[in-house]
Amino acid sequence: MSSSKRKATSKLSRTQELQKRYPGHKPIPPSTRTVIITLAATVILSLLLVFAFFKNAQVPQALGNKYVTLETSMGTIKLELDGDKAPRTVTQFLNNVVGGKYDGLTFHRVMKGFMIQGGDPNGNGTGGGTISFEKTGISHVRGVISMASSEAGVTQSNMQFFIMQGDATSLDGQYAAFGKVIDGMDVVDKIANVAVGENPGIPGEMSVPLTKITIIRAIEVAN
């Protein structure tokens, strides 16, 4: 009698409890559950890999020569950009050009016999962000275009650039040169020859143009 009572009051299994509480409940067999979990994990991992692939694919690296014209208030400068030697820098510069980021900006720093600098959203040498430095192997000679930097050889500006009016090979390996002027050096010379005043950001340096020099429009063009 006592034995029958114990059997009657024995604890129900988890499956029996669920069936009692939720009539018609059918638990998923362990083997099937494992398959479902594995399948779900595989699908999630695959989606993450696809997302990573497309994210990388959205940042193409420029290859070969690319061409850009800078229409300025003093004339047009045509640039040939070296996508083989400076793929990351050329890609960044082209993204700025295509995005219209240079349109309406100025050449805010001019040093005759050395270089002309522009592309600063703030117009005074303080604007734009920084990205890691790309060593390109292109020498800083007359007509070469390069990216400005506040930490030479470590970072480079993602916006500000300068065009060499003279040779300054001491800058090689410290600034990311990425192309050259192929038409319009007379315009570079004209800009370099404007009257300048003292640069408030660099005491003692005479480099701020007294005449506003505007980049009216920057356009990527075919050769």
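Our structure is the block above this text.
Residues numbered from 1 in each chain as written. Predicted model: local features only at pLDDT ≥ 70, side-chain atom pairs only at ≥ 80, totals over all residues. Heavy atoms only, no water.

Things to note about the pattern of salt bridges
Note the following rule: Definition used for salt bridges: Asp or Glu carboxyl oxygen within 4 Å of a side-chain nitrogen of Lys or Arg. Think of it this way: any DSSP run of H or I at least four residues long counts as a helix, any run of E at least two long counts as a strand, and we number them from the N terminus. For the exposure calls, accessible area comes from a 1.4 Å probe over protein chains only, and a residue counts as buried if that area is under 20% of its type's maximum, exposed if over 50%, partly exposed in between.
Using the criterion set out here, one finds four salt bridges in the structure. The partner of Glu71 in a salt bridge is Arg217, and the shortest N-O contact between them spans 3.3 Å. Of the two residues, Glu71 sits in strand S1 (residues 65–72) while Arg217 sits in strand S12 (residues 215–221), which places them 146 residues apart along the sequence. Overall, Glu71 belongs to the partly exposed group, its relative accessible area being 23%.

Quick notes on the environment of Gly166
Relative to the assigned elements, Gly166 resides in the loop between strand S8 (161–164) and strand S9 (177–183). Overall, Gly166 belongs to the buried group, its relative accessible area being 12%. Note: C-alpha distance between Gly166 and Asp189 (23 residues apart in sequence) is 9.7 Å.

Some details on the layout of surface pockets
Just so we agree on the cut-off: Definitions used for this entry: grid spacing 1 Å over protein atoms alone; cavity, a set of points where a 1.4 Å probe fits but cannot get out; pocket, an open set with protein on both sides within 12 Å along at least 5 of 7 lines; lining residue, one with an atom within 4 Å of a point. Grid points are joined across faces, edges and corners, and a volume is the space filled by probe spheres set on the points. The nonpolar class holds Ala, Val, Leu, Ile, Met, Phe, Trp, Tyr, Cys and Pro. Asp, Glu, Lys and Arg form the charged class, and all remaining residues, Gly among them, are polar.
By volume, the largest pocket is sized at about 400 Å³. Along the wall of the largest pocket there are 24 residues; nearest its centre are Gln117, Gly125, Ala148, Ser149 and Gln160. Elements with a minimum of two residues in the lining of the largest pocket: strand S3 (107–111), strand S4 (115–118) and strand S7 (155–157). In terms of residue class, the lining of the largest pocket is made up of seven nonpolar, 16 polar and one charged.

This is a description of form; function is not addressed.
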